[in-house]
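Below, each chain spelled out in residue letters.
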Amino acid sequence: MKRKLVAAIGIAGMMVSIAACGSDNEDGGSGKGGADAKELTVWLTVDAQNNWPELVKAADDAVTKKHPGLKIKHEYYGWPDKNTKLDAVLATDKAPDVVEMGNTEMLGYMVKGAFAPVDPAKFSGSDAWLDGLKASVTYDGKTYGVPYYAGGRVANWRKDVFAAAGVKSAPKTYQELTAGLDKVQKKQGDKFSAWYQPTRDWYAAMSFVYDAGGSIAKEEGGRWKADLSSPESLKGLDEFKNVVGKYMHGDKTKDESDRHIVYGQGKSGMIFGAAWEGAASAAPENDKTGKLKDNNENFVMPGPSGKNMPVFLGGSDLAIPVKSGAQALAAEWIDAFTGPSGQKGLMGKGNLPNNKTDLATLKNDPATAVPATAAESNWFVPMAPGWGQVEKAQVLQTMLQNIGTGKKSVEAAAKEADAAIDKVINTK
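Residues numbered from 1 in each chain as written. Predicted model: local features only at pLDDT ≥ 70, side-chain atom pairs only at ≥ 80, totals over all residues. Heavy atoms only, no water.

Caption draft 1: Layout of the sheet that holds strand S7 (residues 153–158). If you trace the three strands from one edge of the open sheet to the other, you get S10-S7-S11, paired in antiparallel fashion. Strands at the two margins of the open sheet, each flanked by one partner only, are strand S10 (270–274) and strand S11 (296–299). Between one strand axis and the next, the sheet turns through 30° on average, direction left out of account. As paired elements, S7 and S11 share four bridges and run antiparallel to each other. Residue pairing for S11: tryptophan 157 is matched across the bridge by glutamate 297. (Pairing = 2+ DSSP bridges. Helix = DSSP H or I, 4+ residues; strand = E, 2+ residues; numbered from the N terminus. Axes fitted to C-alpha atoms, helices over the stretch in contact; angles between N-to-C directions.)

Caption draft 2: Seen up close, the packing of helix H10 (residues 231–247) against helix H19 (residues 410–422). Where H10 meets H19, the axes come as close as 10 Å, and the angle between the chain directions of the two elements is 125°. Comparing their axes, H19 and H10 come out oblique. In this structure, H10 meets H19 at a crossing whose hand is right-handed. Facing H10, whose interface residues are Leu234, Leu237, Asp238 and Lys241, H19 presents Val410, Glu411 and Ala414. Looking at the contact of H10 with H19, its residues break down into four nonpolar, no polar and three charged. (Parallel < 35°, antiparallel > 145°, perpendicular 65-115°, else oblique. Left-handed = near helix turned anticlockwise from the far one by under 90°. Contact = heavy atoms within 4.5 Å. Nonpolar A, V, L, I, M, F, W, Y, C, P; charged D, E, K, R; others polar.)

Caption draft 3: Spotlight on the pattern of salt bridges. Scanning all chains against the criterion turns up 15 salt bridges. Among the salt bridges present, the one from lysine 356 reaches aspartate 131, with a minimum N-O distance of 3.1 Å. With lysine 356 in helix H16 (residues 356–362) and aspartate 131 in helix H6 (residues 131–136), the pair connects residues that are 225 residues apart, well separated along the chain. The closest approach of N and O atoms between glutamate 416 and lysine 408, which form a salt bridge, is 2.4 Å. Ionic contacts of the salt-bridge type, sharing partners, join the residues Asp201, Arg259 and Glu277 into one network. (Salt bridge = Lys/Arg side-chain N within 4 Å of Asp/Glu carboxyl O.)

Caption draft 4: Quick look at the environment of glutamine 389. Its location among the elements puts glutamine 389 in the loop between strand S14 (378–379) and helix H18 (392–404). Sequence separation between glutamine 389 and glutamine 185 is 204 residues; the distance between their C-alpha atoms is 41 Å.

Caption draft 5: Expanded view of the nonpolar core. By size, the foremost hydrophobic cluster in this structure holds 108 residues, and its most contacted members are Trp333 and Met399. With seven residues, helix H9 (residues 202–211) is the largest single contributor of residues to this core. In this structure tryptophan 333 touches Leu40, Val42, Leu44, Val56, Ala59, Asp60, Val63, Ile72, His74, Val98 and Leu318, once residues within four positions along its chain are discounted. If you look at the next biggest cluster of nonpolar residues, it comprises 10 residues, including Leu130, Leu133, Met347 and Leu352. (Core = buried A, V, L, I, M, F, W, Y, C linked by side-chain atoms within 4.5 Å. Buried < 20%, exposed > 50% of the residue type's maximum accessible area, 1.4 Å probe, protein only.)

Caption draft 6: Spotlight on helix H3 (residues 53–66). The end-to-end C-alpha separation of H3 is 21 Å, in line with the 20 Å expected for 14 residues at 1.5 Å each. Along H3, the residues classified as buried are Leu55, Val56, Ala59, Asp60 and Val63. Here the buried residues of H3 occupy an arc of 140° about the axis, which is enough to place them on one side. The exposed residues of H3 that point more than 90 degrees off its buried face are Lys57 and Lys65. Packed against the buried residues of H3 are strand S1 (39–45), helix H2 (46–51), strand S2 (71–77), helix H14 (327–338) and helix H15 (340–348). (Expected span 1.5 Å × (residues − 1). Arc of directions from axis to C-beta.)

Caption draft 7: Quick peek at H10. If you check H10, its first and last C-alpha atoms are 24 Å apart, about what 17 residues at 1.5 Å a residue would give, namely 24 Å. For H10, every residue scored as buried is listed here: Ser233, Leu234, Gly236, Leu237, Phe240, Val243, Val244 and Tyr247. Turning to H10, the residues buried within the fold contact helix H8 (174–188), H9, H18 and H19.

Caption draft 8: Main features of the sheet that holds strand S6 (residues 146–151). Spatial ordering of the open sheet is given by S2-S1-S3-S13-S6, a layout of five strands whose pairing is mixed. Across the chains shown, the open sheet's two edge strands, defined by having one partner strand only, are S2 and S6. The mean inter-strand angle of the sheet, taken between neighbouring strand axes irrespective of direction, is 20°. Pairing of S1 with S2, which is carried by seven bridges, proceeds in the parallel orientation. Residue pairing for S2: threonine 45 is matched across the bridge by tyrosine 77. H3 rests against S1 and S2 of the sheet, and its axis sits at about 155° to S2. Sheet strands touched by H14: S1, S2, strand S3 (98–102), S6 and strand S13 (314–319). Its angle to S1, the strand with the most contacts, is close to 45°.

Just distances and angles here, no functional claims.
Set out below in structure tokens:
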């Protein structure tokens with residue numbers, strides 16, 4: 001599920017009054033207290049409403065047991081609608097007390113002072129939060145939210161296609177992977193994509209960059225600088241170009257939005273994407289081969305470095321608007337919802353937990369070992385003040401399309417992207 005980061009310019013006007021209301025105190029939730037409030041308003045997405053309402057009720061029950069008479073109101077929103085509504089109320093006295101945010105949505109709001117700081121020590125499991133999720137709630141040395149759950153990325157291959165080329169087991173190393181892909185590509189011919197890897201998929205491309213020791217941007221001396229043209233990043237981009245050139249024989253101007261549909265058409269042997277994509281490709285409406293259900297298999301994506309490929313962790317966070325008059329109670333509700341019992345329930349629904357301790361338990365179950373192992377090595381976008389103002393998808397996708405189609409060299413395309421990022425990455 002894609003979640004668009006609200007551009008800072010779109011929320012700047014309303015944030016002027018919000019910033020003035022902020023507090024540096026960390027009263028469990030933050031400085032406003034509100035432990036004696038009589039009402040709590042919680043905004044979640046329809047994911048919670050449709051898929052785990054019992055977990056929401058359990059959190060409600062835990063908090064109201066401690067605070068008899070407290071009324072907890074819930075509002076549920078679809079991802080495209082939530083931020084429009086949130087932006088409209090944040091500068092008023094109608095702000096919710098808890099709001100669910102996509103983890104890539106957090107930065108613009110943190111920069112502008114929309115969320116109250118919290119003390120992570122007062123939330124269960126915070127000392128083991130997954131690195132990528134922890135980064136998403138951290139800005140300028142302070143914590144402004146609590147990770148809720150995560151979604152990772154894995155490789156998915158068609159066992160029948162690889163077996164027909166003589167490859168009988170999932171690869172454990174990058175060398176095994178490319179050797180198997182070479183066999184499949186040779187057997188199937190140049191109209192088949194041994195690895196369907198959309199060129200504009202910057203999440204996959206940046207995994208190659210981080211695997212090689214590079215990054216999108218680095219902080220040095222309190223300022224951020226784009227890093228895509230560093231030797232390490234270029235090494236990762238070079239390998240991504242090799243993959244696209246050798247194994248991707250589809251449209252090299254496409255992004256990953258319909259990858260599961262294309263994969264379901266049976267014209268490729270492997271994908272690397274969100275963990276749900278393999279199963280989605282095998283759904284009856286997408287599987288045009290009739291063979292995917294029994295032949296799809298996930299595996300941990302090996303990296304050229306010899307380690308598991310670092311993956312982007314998507315997911316959700318819970319934040320407390322600085323305008324909330326019940327911040328202490330909001331923090332209690334968040335802790336009840338994201339604590340040990342909540343994480344157990346979320347894992348039971350097929351989500352990755354917000355912490356390494358629970359993630360380790362999933363590694364022991366064959367049904368969840370692959371996504372759990374893959375999520376251990378992860379990366380996140382730069383938490384720079386101006387990152388929300390970078391048209392990141394456009395900048396990175398343009399760079400990758402130029403590389404994949406051969407319009408520009410890897411070095412030239414990376415330098416162009418760096419220049420675009422550097423223009424705004426330090427802008428508040």
